Structures are given as structure tokens and as C-alpha cells.
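Listed below, chain by chain, are the residues.
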Amino acid sequence: MPAKTNPVATRFERAFDTEIRSRFFKGLDFAGLAGDPGWFGPGSAVWYVHSHLPTLILGLVGAAYIEGLDPSISWMAYDHSRIPERVDGIPTGGIDPEGAAVRLGHSLSFFIGTAYGSTPTAERLARTVRAMHHTIKGTRPDGLAYDADDPEWLRWNYATVVWGLATAHERYHRRPLRDIDRYYREFVRVGESLGGTDLPATKAEVAECLESYLPRLALTPIKAFGTGPNLRESKAKPWEPGGPFMDWAARDMLPKWAQKLCLYQPPNPLALRARRSTLWLVLNGLHDATGPIREYREAEARVASGVSAPVASTAPTTPDPVLTREEVEATA
């Protein structure tokens, strides 16, 4: 834990509180219900992986990149997301930095809240995401329908997320888990809470699931305009989602088949090693300077005197109420 006089930790905590916590963590409980382990609890792989916030963020950026190789997801974002830059309501092909920041903020609240929050907090977050998924339905320009509640889509989307988080952890965490499959097995609870079934539960199963989707994938204009060389005019800072360096870091983590799909060409071996080493140093230096965030520390205190039994299952047991997007956002 960083010392209270650590200026880097103080500045980071202030920035996180202003830009993320105050906007996206409203109503989330990490300190109450003494003994409640939440969905995972101390000693879990999920607690360990998610406590390293810099690699968690990088993993989410990587997951967002690979999921966008699914044309249906590209059109979901085009039709329903604030990430595409729009002028008079029409997407320009660029990325809206504020929209990307909102997406990241909601993602952080979900993956930190389901990891460290009380059981009611984790359940509330899952209900909100399911409710939002229920509103995302439409038709692509080629006539194919998309539906965020489709079981196959849920399985693919789940695989992209757990792949991104686990891959960033393995490559850039100072002390990565020796048994990364423990994280894959535990994280299934998150996918099941969103309605996923028959989810891949090991690194090999996730890799197989992702590659099995290859015949359905494509680099759509939407995806192409928001990645690689086309980000030279991006308004996002290099280390932000939508920035050129973070875009490179995400593409560099991709499986080989996905790198070929998006025409990724790595730099020469010396430059590649230098880039990866620099990113490793930055991510771990930031984590060492700031330490685990407040929510992690509150969760530790919550279970310091022991834990009660965790819930048996995170899968939804009753139908969700039908809400509009505006009603969902009002509860987020």
C-alpha cells in the first residue's frame, strides 16, 4: 500500500476519484456487509488479477479491440454506442474521446465492482448490464439481425473479455499467476451473471472459442477507420483508449490469426522488445507508486475477520424487467 505522503498516489487517487469514481461508482458498496466475500473473496485469482489497475485497463482495451472484429459488434457500437464520433448525429469514422472514456468508466465500475463489491453490489451491476443488453437489437446494413442477448454472441463476447484481461495480466503483470487457468475458471461467474451459458473455462478453451468465430469476423470500415494508421489524427492521448500507442498495445496482444485479419505488422524485433519493455515498466511503475485502489482496500477490510459462504450461483434466476435505454442509464 502506498504511503499517505506519496505524491504520485495522492494525485492518482484524486484523478481517479474525479474522473471515474464520482461518475461511475455511484451506489456501489465495498465496505459494508462484514464478512461478505462477494462473488470471489480474498485469495481468489480474480482479486489478484484485478488489483493491478493498469493491466486491468489494458486488458479491457484489448478486449474491446478484438470484439470489434465481429461485424455485428461494430454495428452495435455504430447504432447504440457513444464511442463513434458523430457530427449532427452521423458517425464520422473517428472515435469520440469522451464516449470512449464513458465506456471505460462503466467497464471499470463493472469489473472492479463484481470483483470486490458486496454480493448485492455485484448483482446490481450484472442486472444493469443485462438490462442494457436487452435494449441492443437491430439489423446490419447487409440484412443480418444482431441481438446482444443472443447466446452465441454472449459466449463470444465473454471470451473476448476474459482473454483480454488474462492476456494483459500474463504479459505485463510483474508477478503473473502461475496457474492462469484458475482465473479463467473463476471468471466464468461473471459471464454466467450476464446470461452466458456453456462458457469456455480455460485458456485453451477461450482460444478455441475465439478462433472458431473467425469465419464470421471481418475488418469492417467502422473498425478500420478507428485503428492503426487511421488514428494518426486521433484526438485521444497516446495512452488513452483510441490513442495510437494503446491501439498498438492492443493489436500486439492479439492472437496471430487476429493480427493477420487486421493487417498488423509488428516493428523489428529490437523495437518490439523496447516497446513491450517500456510498457511493462510504465504499467508496473504506476501500480507500484499508487498501490491497489480504495475499493480493493475496503474489500480487504470487509473480510478481515473472516468470510461467510459465497452465493452458490451468479446466474439470473428470474426474468429481468423490460427497460428503455434511458431508464437503464438512470439506474447506472
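Everything below is about the structure printed above this text.
Rules behind the numbers
Residues numbered from 1 in each chain as written. Predicted model: local features only at pLDDT ≥ 70, side-chain atom pairs only at ≥ 80, totals over all residues. Heavy atoms only, no water. Helix = DSSP H or I, 4+ residues; strand = E, 2+ residues; numbered from the N terminus. Rg over C-alpha atoms; globule rule 2.2 N^0.38 Å. Buried < 20%, exposed > 50% of the residue type's maximum accessible area, 1.4 Å probe, protein only. Contact = heavy atoms within 4.5 Å. Lys, Arg positive; Asp, Glu negative; His and termini not counted. Charge placed at Lys NZ, Arg CZ, Asp CG, Glu CD. Phe/Tyr/Trp six-rings, centres within 6.5 Å; stacked < 30°, edge-to-face > 60°. Lys NZ or Arg CZ within 6 Å of the ring centre and 35° of its normal. Core = buried A, V, L, I, M, F, W, Y, C linked by side-chain atoms within 4.5 Å. 1 Å grid on protein atoms, 1.4 Å probe; cavity = no way out; pocket = protein on both sides within 12 Å on 5 of 7 lines; lining within 4 Å. Points joined across faces, edges and corners; volume = space filled by probe spheres on them. Nonpolar A, V, L, I, M, F, W, Y, C, P; charged D, E, K, R; others polar. Expected span 1.5 Å × (residues − 1).

Trainee: Help me out: how do you make sense of the overall build of the protein in this one?
Mentor: Helix and strand content of the protein: 15 helices and 4 strands. Taken against the 2.2 N^0.38 rule, which gives 20 Å for 332 residues, the C-alpha radius of gyration of the protein at 19 Å falls within 12% of a compact globule. Along the three orthogonal principal directions, the C-alpha set of the protein runs to about 55 × 50 × 40 Å. Taking all 332 residues of the protein together, the buried fraction comes to 48%. A fraction of 75% describes how many contacts in the protein between residues 6 or more apart in sequence connect residues 24 or more apart. Averaging the coordinates of the 38 positive side-chain charges in the protein and doing the same for the 39 negative ones gives two points 7 Å apart.

Trainee: Looking at this model, I keep getting lost on the packing of aromatic side chains. Mind explaining?
Mentor: The geometry of an aromatic ring pair comes down to the distance between the two centres and the angle between the two planes. In this structure the tally under the stated criterion is 14 aromatic pairs. Relative to Tyr78, the ring of Trp75 lies with its centre 4.9 Å away and its plane at 65°, an arrangement referred to as edge-to-face. With Trp75 and Tyr78 both in helix 4 (residues 71–80), this residue pair falls 3 residues apart, about one helical turn. Judged by its relative accessible area of 26%, Tyr78 is partly exposed. Here a set of aromatic residues connected by ring pairs shows up, and it is made of Phe110, Phe111, Tyr158, Tyr183, Tyr184 and Phe187. One cation-aromatic arrangement involves Lys223 over Tyr65; the distance from NZ or CZ to the ring centre is 3.6 Å.

Trainee: How should the environment of Phe40 be read in this particular structure?
Mentor: Relative to the helices and strands, Phe40 resides in the loop between helix 1 (7–24) and helix 2 (45–50). Distance from Phe40 to Pro200, taken between C-alpha atoms, is 18 Å for residues 160 residues apart in sequence.

Trainee: Got a minute to help me understand the nonpolar core in this structure?
Mentor: Counting residues in each nonpolar core, the largest one holds 84 residues, and the members touching the most others are Leu58, Leu108, Ile112, Tyr183 and Phe187. The element contributing the most residues to this core is helix 7 (residues 151–172), with 12 residues. With residues near it in sequence (within four places) discarded, Leu58 still touches Ala168, Tyr172, Met246, Ala249, Met253, Leu279 and Leu283.

Trainee: For this particular structure, what's the right way to read the layout of surface pockets?
Mentor: Over the atoms a probe the size of a water molecule is rolled, and this reveals where empty space is left. A volume near 1,000 Å³ is recorded for the second largest pocket. Along its surface, the second largest pocket is lined by 36 residues, and Glu19, Ile57, Leu104, Trp239 and Glu240 are the ones closest to its centre. Secondary structure elements with two or more residues in the lining of the second largest pocket: helix 1, helix 3 (53–67), helix 5 (97–116), helix 11 (244–253) and helix 13 (269–290). In terms of residue count, the dominant contributor to the lining of the second largest pocket is helix 1 (10 residues). When the residues that make up the lining of the second largest pocket are grouped by side-chain class, the tally is 25 nonpolar, 5 polar and 6 charged.

Trainee: Whenever I open this one, unusual backbone geometry confuses me. Can you help?
Mentor: Trans peptide bonds make up most of the peptide bonds, and negative phi angles are found at most residues other than glycine. Backbone geometry places Leu33, a non-glycine residue, at a positive phi of 55°. Take Leu33: it is sitting in the loop between helix 1 and helix 2.

Trainee: It is not clear to me how helix 6 (residues 119–135) should be interpreted in this structure. Could you clarify?
Mentor: An α-helical turn contains 3.6 residues, so a residue and the one three or four places further along point in the same direction. For helix 6, with 17 residues, the first-to-last C-alpha span of 25 Å sits near the 24 Å given by 1.5 Å per residue. Where helix 6 is concerned, the buried positions are Thr119, Thr121, Ala122, Leu125, Ala126, Thr128, Arg130, Ala131, Met132 and His133. On its buried side, helix 6 packs onto helix 5, strand 3 (137–139), helix 7, helix 8 (180–193) and helix 15 (325–331).

Trainee: Hey, could you run me through helix 5 in this one?
Mentor: Spanning 20 residues, helix 5 covers 28 Å between terminal C-alpha atoms, matching the ideal 28 Å at 1.5 Å per step. Of all 20 residues in helix 5, 15 are buried; the element is thus mostly enclosed.

Trainee: Teacher, can you tell me more about the environment of Val8 here?
Mentor: With respect to the helices and strands, Val8 occurs in helix 1. Overall, Val8 belongs to the partly exposed group, its relative accessible area being 42%. Through-space distance from the C-alpha of Val8 to that of Arg302 is 26 Å; in sequence the pair is 294 residues apart. Excluding its chain neighbours within four sequence positions, the residues that come into contact with Val8 are Ala289 and Thr290.

Trainee: Can you help me understand the side chain of His287 in this one?
Mentor: By the secondary structure assignment, His287 is in helix 13. Classification of His287 by relative accessible area gives buried; the value is 16%. Excluding residues that lie within four positions of it along the chain, His287 makes contacts with Ser51, His52, Leu53, Pro54 and Pro292.

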